[in-house]
Amino acid sequence: MAEEVKKEAPKLFKVTIDNITIEVPPGTSILNAARQIGGEVAPPAMCYYSKLQGSGGKCRTCLVEVAAGSTADPRPMPKLVASCRTNVMDGMIVKNITSEKVIDARNGVVEFLLLNHPLDCPICDQAGECHLQDLSYEHGKESTRYEFSRRTFEKHDLGPYIQLHMTRCILCYRCVFTADQISKKRVHGVLDRGDHAEIATYIEKSLDNDFIGNVIDVCPVGALTDKTFRFKNRVWFTKPVDAHRDCPKCSGKVQLWMRGKEVFRVTARKDEWGEVKDWICNDCRFEKKDTADWTIEGPSHVSRHSVISQGHYEKLEKPNETLVKVLDGRAPKLLMDIHSVSEVNKPTVKLSAIEGPAHSDDFNTAK
Amino acid sequence: MGRKVLLDKAHIEGIRYYDVYRKNGGYAAVEKALKMDPAAVVEEVKKSGLRGRGGAGFPTGMKWSFIAKPEGVPRHLVCNADESEPGTFKDRYLMEFIPHLLIEGLIVSSWALGSNNTYIYIRGEYAWIVDILEQAITEAKNNGWLGKNIMNTGFDCEIHVQRGAGAYICGEETALIESLEGKRGNPRIKPPFPAVKGVWDRPTVVNNVETLAAVVPIINLGGEEYAKIGVGKSTGTKLISACGNIKKPGVYEIDMTISVEEFIYSDEYCGGIPNGKKLKACIPGGSSVPILPANLLLKTAKGEQRMMTYESLSDGGFATGSMMGSGGFIVFDEDQCVVRHTYTLARFYRHESCGQCSPCREGTGWMEKILKNIEYGSGKMSDIDLLWDIQRRIEGNTICPLGDAAAWPVAAAIRHFRDEFEWHVNNPEESQRRNYGLAHYADERQVVVG
Ligand SMILES: Cc1cc2nc3c(=O)[nH]c(=O)nc-3n(C[C@H](O)[C@H](O)[C@H](O)COP(=O)(O)O)c2cc1C
Ligand code: SF4
Ligand code: SF4
Ligand code: FES
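Residues numbered from 1 in each chain as written. Chains lettered and ligands numbered in written order. Predicted model: local features only at pLDDT ≥ 70, side-chain atom pairs only at ≥ 80, totals over all residues. Heavy atoms only, no water.

## Side note on the sheet that holds strand β4 (residues 81–82) of chain A
Residues and elements named next belong to chain A.
- Taken together, five strands build an open sheet; the order of strands is β2-β1-β5-β3-β4 and the sheet is mixed. Each edge of the sheet is formed by a strand with only one pairing partner; in this case those strands are β2 (20–24) and β4.
- Seen against the sheet, helix α3 (residues 100–115) touches β3 (63–68) and β5 (92–95) and runs at an angle of roughly 160° to β3. (Pairing = 2+ DSSP bridges. Helix = DSSP H or I, 4+ residues; strand = E, 2+ residues; numbered from the N terminus. Contact = heavy atoms within 4.5 Å. Axes fitted to C-alpha atoms, helices over the stretch in contact; angles between N-to-C directions.)

Written out as structure tokens, the structure is:
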């Protein structure tokens, strides 16, 4: 009996990443193993997307050093490897943030990604939820060594809902893989090559597929944006809440981005790595902008590190202490009370007798 | 006089056609090989020590033995005739003048690997060669060397010619496979390697034209006999396409026993530097390999004679050596400007990057712009270190070796010719007016070997 159980249990691979050892099933990528450890140990990923088959390997932000290939062959790998597309071996030793080589290469990749990026964050709808923005805060330098004019493209409308701002694209191919997976006949892809390559459709064909709106969610930057939300608000002024509706096309599980009672934007729900949990359809995303369309479940979880959390109170707790208690039973009158410890506050002046905010004249006892 | 086994008959009148080729011993290798066990053919290739002629120099026999053989899944042999590396034009010569040699090599190799459908992926610009190959294939088929049940062995084989559409990157084997499948020619992320999942996810071997042609003399002579040509791990002969400032540019078959000096100066090969000029530098193996100044080209850092072999050309690593690469031998005389030349190559790599991975996509464009500034008189001294830093961060961090190929020439130019870059920065006007670099790297001698 015990033997049978043993047989069924799959053999796990031991892998050590930044000195932390975990066990993962064979076939797990280094990146996904690192994500199980979490925190800083998980390399940044700008192109890999666990839900998109074939994605990854392109942006090179997730490069790591393999200090030992496996127990069987403990030689180090000669080059840094893309952790999203390299599977763990038993006994592998990986260095991510503990490797100077990795940090140096990653800084290089960030510099390359920002080289031709317009940095128009002040007018970009993605600002606040942009992975490139986060990445450059973490690794970028304040200034650039690039002294040439940046590459630009014309903006394109891909149908009524989606705008393509190619200038901001980092060519992660996520949208291409998304379209490949959700539609039978993908109509957009990459044209041309090198630093003049672009995401495009032939002859400005609109992207029409019930699920094509998801390309907006997978885009790590502001290259594909929601035209129904364009310039309407900054994401950090809106509050994300989880909501659902009975949808004949998709799961109907979405996130509403609200300000007051108004629904500004509808997106799919995302996990802690910023990946879509369930694809949603265009109806839910673009057509249902009324709170009455939705059953609201409650505030969505927002990472404390995200700027979106600034306008967002997930668990509002009323403090036990009231102001009166803090003031030793005195009723709060004017803010000037804080000067009770300073010279300004002459005991001869009765603060409660002053109407409106006090100013220096009120304390001019010489008068 | 070096030994020739590939181009020995290329000068025969009409050798392009089947009858003449056959009369001169053609298709003997097919007759011999198809009577052997496929594994025995692979064994001969292993014994021959043949190394891939496409650039990387990987042992061919070993590559063949890696091919996966899952039950019921077809396998494919693909001949890489994309030849787009600047300075390399040897495959073109072979295919144009003695096409049946390649077809014969393909049949033998297909037999060894079990490929019933073999592909030639040819550079799109070689349009006229497609016709030559198609004709050779038809002739071979009409004479029973291709098609069904070849030589009553039960072996079927077809060769298909596919034209590329003008992209250097489609010479990289996985980009080639994508392109062959009708997709955008982006290199694949490895693993899986083509030997396991290649064309249509079937086990595939991709080899260079010259590599596959060399299988013919290997079978005719026997692997051991072939291995006696050349020295050390550089067995057999190598086609070198020589160009630049030499008296006799062209394609030469060398037997890898001669020195670089002999190759450049002797009348049998390049014939020396024309117009009484001196040798300044050379790229010995196609645009991707490091450029060497004359002193390091003719002698290694240890002071030994540098030979035209895989080992000797890479002696000293990248610090003082280079690579055999694809055999594109580009010679510079004292008037040539290394900065201008490096800029030209940077332009090429920027244009040819597929754009998949960020370091290569963005880095190649950046290097090109900086080099342009230096070349056209608006460079800064700090640009040189910046260039070094950019190439360093591209190299080794990309999906395919094109990133490395773009980084290496820049690195080598700065490593060996730094003062020429500095001279450009300090003398912007003069450097533009003269449009050539510093001559002090030049080899003092003019003609050494007679
Ligand atoms: C950017 C790039 C371009 C290449 N172009 C060619 C080519 O034109 N012809 C070729 O034979 N190999 C080319 N290669 C090398 C191939 O990837 C592959 O290594 C070769 O075809 C293997 O054949 P071999 O083992 O016979 O040398 C290229 C490699 C890279 C990275
Ligand atoms: S548009 Fe967005 S998702 Fe598509 S490739 Fe560019 S950055 Fe990636
Ligand atoms: S290194 Fe350059 S050519 Fe190769 S995959 Fe990356 S971007 Fe494409
Ligand atoms: S996330 Fe791994 S290369 Fe982009």
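Having seen it, we continue.
## Description of the packing of helix α16 (residues 358–375) of chain B against helix α18 (residues 402–426) of chain B
Residues and elements named next belong to chain B.
- At a minimum axis distance of 12 Å, the contact between α16 and α18 shows a crossing angle of 20°. The orientation of α16 relative to α18 falls into the category roughly parallel. The element α16 and its partner α18 pack so that their crossing is left-handed. Of the residues in α18, those touching α16 at Cys360, Thr364, Met367, Leu371, Ile374 and Glu375 are Leu402, Gly403, Ala406, Ala407, Val410, Phe421, His424 and Val425. (Parallel < 35°, antiparallel > 145°, perpendicular 65-115°, else oblique. Left-handed = near helix turned anticlockwise from the far one by under 90°.)

## Quick notes on the interface of chain A and chain B
- Chain A puts 36 residues into the contact, and the matching count from chain B is 35 residues.
- Taking both partners together, chain A and chain B bury about 3000 Å²; carbon and sulfur atoms supply 47% of that area.
- Between chain A and chain B we count nine salt bridges in total.
- Run the count over chain A and chain B and you get 24 residue pairs in polar contact (both at pLDDT 80 or more). (Buried area = accessible area lost by both parts, 1.4 Å probe. Salt bridge = Lys/Arg side-chain N within 4 Å of Asp/Glu carboxyl O. Polar contact = N/O pair within 3.5 Å; in protein donor to acceptor, adjacent residues only side chain to side chain.)

## Here we look at the site of ligand 3
- Surrounding ligand 3, one finds 13 residues, the nearest of these being B:Cys354, B:Gln356, B:Cys357, B:Cys360 and B:Cys400.
- Looking at the shell around ligand 3, its residues break down into eight nonpolar, five polar and no charged. (Near = heavy atom within 4 Å. Nonpolar A, V, L, I, M, F, W, Y, C, P; charged D, E, K, R; others polar.)

## As for the packing of aromatic side chains
- On inspection of all chains with the given rule, the structure shows 23 aromatic pairs over all chains.
- Here A:Phe112 and B:Trp366 contribute two aromatic rings whose centre-to-centre distance is 6.4 Å and whose plane-to-plane angle is 90°, an arrangement assigned as edge-to-face. Residue A:Phe112 is located in helix α3, and its partner B:Trp366 is located in helix α16; the two belong to separate chains. The same class applies to A:Phe112 and to B:Trp366, which are both buried.
- For A:Arg265, the ring lying beneath its charged end belongs to A:Phe229, and the centroid distance is 4.8 Å. (Phe/Tyr/Trp six-rings, centres within 6.5 Å; stacked < 30°, edge-to-face > 60°. Buried < 20%, exposed > 50% of the residue type's maximum accessible area, 1.4 Å probe, protein only. Lys NZ or Arg CZ within 6 Å of the ring centre and 35° of its normal.)

## Section: the pattern of salt bridges
- Enumeration over the complete set of coordinates arrives at 50 salt bridges over all chains.
- A salt bridge links A:Glu275 to A:Lys51, with the shortest nitrogen-to-oxygen separation between them at 3.4 Å. Here A:Glu275, found in the loop between β13 (262–268) and α7 (282–287), pairs with A:Lys51, found in the loop between α2 (30–37) and β3; they are 224 residues apart in sequence, far enough to count as distant.
- Using a relative accessible area of 31% as the deciding quantity, one classes A:Lys51 as partly exposed.
- Linking B:Arg123 and B:Glu125 is a salt bridge whose minimum nitrogen-to-oxygen distance equals 3.2 Å.
- In this structure B:Glu125 comes out as partly exposed when scored by relative accessible area, which is 43%.

## A few points about the nonpolar core
Residues and elements named next belong to chain B.
- Membership of the largest hydrophobic core comes to 62 residues, with the highest contact counts inside it found for Leu102, Ile103, Ile120 and Ile122.
- The leading source of residues in this core is helix α6 (residues 99–113), at nine residues.
- For Ile120, the contacting residues outside a window of four places in its chain are Cys79, Ala81, Leu102, Ile103, Leu106, Leu133, Ile159, His160, Val161 and Gln162.
- Counting residues in hydrophobic clusters, the runner-up holds 59 residues, among them Ile330, Tyr343, Ala407 and Phe421. (Core = buried A, V, L, I, M, F, W, Y, C linked by side-chain atoms within 4.5 Å.)

## Description of the domain arrangement of chain B
Residues and elements named next belong to chain B.
- Looking at chain B, the domain boundaries give domain 1 (18–228), domain 2 (234–333) and domain 3 (338–433).
- Put simply, the middle of domain 1 and the middle of domain 2, counted by C-alpha atoms, are 27 Å apart.
- Every contact between the two is made by 21 residues of domain 1 and, on the other side, 23 residues of domain 2.
- Of the roughly 1600 Å² buried between domain 1 and domain 2, counting both surfaces, carbon and sulfur atoms make up 54%.
- In terms of surface lost to domain 2, no three residues of domain 1 exceed Arg53, Phe89 and Lys90, which account for 30% of the buried area on that side. (Domains from an automatic or database assignment.)

## What to know about the state of the cysteines
Residues and elements named next belong to chain B.
- If you walk through the whole model with that rule in mind, you get zero disulfides over all chains.
- There is no disulfide at Cys157, and the cysteine sulfur nearest it, in Cys79, is 12 Å away.
- When its relative accessible area of 1% is taken as the criterion, Cys157 is described as buried.
- Here Cys270 is not cross-linked by a disulfide; its sulfur's nearest cysteine counterpart is in Cys282, at 8.4 Å. (Disulfide = S-S within 2.5 Å.)

## Comments concerning the environment of B:Phe329
Residues and elements named next belong to chain B.
- Here Phe329 lies in strand β12 (residues 328–333).
- Looking at Phe329, the relative accessible area reads 0%, which means it is buried.
- C-alpha separation for the pair Phe329 and Pro86, spaced 243 residues apart in sequence, amounts to 9.8 Å.

## Let's talk about the environment of B:Ala140
Residue and element names in this part refer to chain B.
- Within the secondary structure layout, Ala140 lies in helix α7 (residues 127–142).
- For the pair formed by Ala140 and Ile330, sequence separation is 190 residues and the distance between their alpha carbons is 36 Å.
- For Ala140, the contacting residues outside a window of four places in its chain are Tyr27, His100, Ile103, Trp145 and Leu146.

## Re the packing of helix α5 (residues 90–97) of chain B against α7(B)
Residue and element names in this part refer to chain B.
- Across the interface, α5 lies against α7 with an axial gap of 9 Å and an inter-helix angle of 40°. Between α5 and α7, the crossing angle belongs to the class labelled oblique. The two elements α5 and α7 cross, and the hand of that crossing is left-handed. Here Arg92, Met95 and Glu96 of α5 come into contact with α7, specifically with Trp128, Ile129, Ile132 and Leu133.
- Class assignment of the residues belonging to the contact of α5 with α7 gives a composition of five nonpolar, no polar and two charged.

## Topic: unusual backbone geometry
Residue and element names in this part refer to chain B.
- Following Lys190, the chain continues to Pro191 via a peptide bond in cis, the omega torsion being -5°.
- Here Pro191 shows up in the loop between α8 (173–180) and β5 (204–208).
- The phi dihedral of Tyr27 is positive, around 65°, even though this residue is not glycine.
- On the secondary structure map, Tyr27 appears in the loop between α1 (18–23) and α2 (28–33).
- We note that Asn275 has phi near 60°; this positive angle belongs to a residue other than glycine.
- Secondary-structure assignment places Asn275 in the loop between α11 (260–265) and β10 (279–283).

## Concerning the pairing of β12(B)
All names here are of chain B.
- Burial analysis of β12 places six of its six residues in the buried class, the great majority of the element.
- Burial along β12 is two-sided: Gly328, Ile330 and Phe332 and Phe329, Val331 and Asp333, pointing in opposite directions, are all buried.
- Sheet topology note: the strand β8 (residues 238–244)/β12 ladder contains four bridges and is parallel. What sits directly across from Ser241, in β12, is Gly328.
- Note that β10 and β12 share four bridges and pair antiparallel. From the neighbouring strand, Ala281 faces β12, where its bridge partner is Phe332.

## Overview of a nonpolar patch on the surface
Residue and element names in this part refer to chain B.
- Side chains of Phe58, Met62 and Phe66 sit close together on the surface and give an oily, nonpolar patch of about 290 Å² of accessible area.
- Looking at where Phe66 falls in the secondary structure, it is placed in the loop between α4 (60–65) and β1 (76–81).
- Note on Phe66: relative accessible area 48%, which makes it partly exposed. (Patch = residues over 30% accessible without salt bridge, like charges linked within 9 Å, V, L, I, M, F, W, Y side chains within 5 Å. Areas by Shrake-Rupley, 256 points an atom, 1.4 Å probe, with all protein chains shown as cover.)

## A look at helix α5 (residues 174–182) of chain A
All names here are of chain A.
- The element α5 is extensively covered by neighbouring structure, given that seven of its nine residues are classed as buried.
- The complete set of buried residues in α5 reads Arg174, Cys175, Val176, Phe177, Thr178, Ala179 and Ile182.
- Buried positions along α5 lie against β8 (188–191), β9 (198–201), α6 (214–218) and β10 (224–226).

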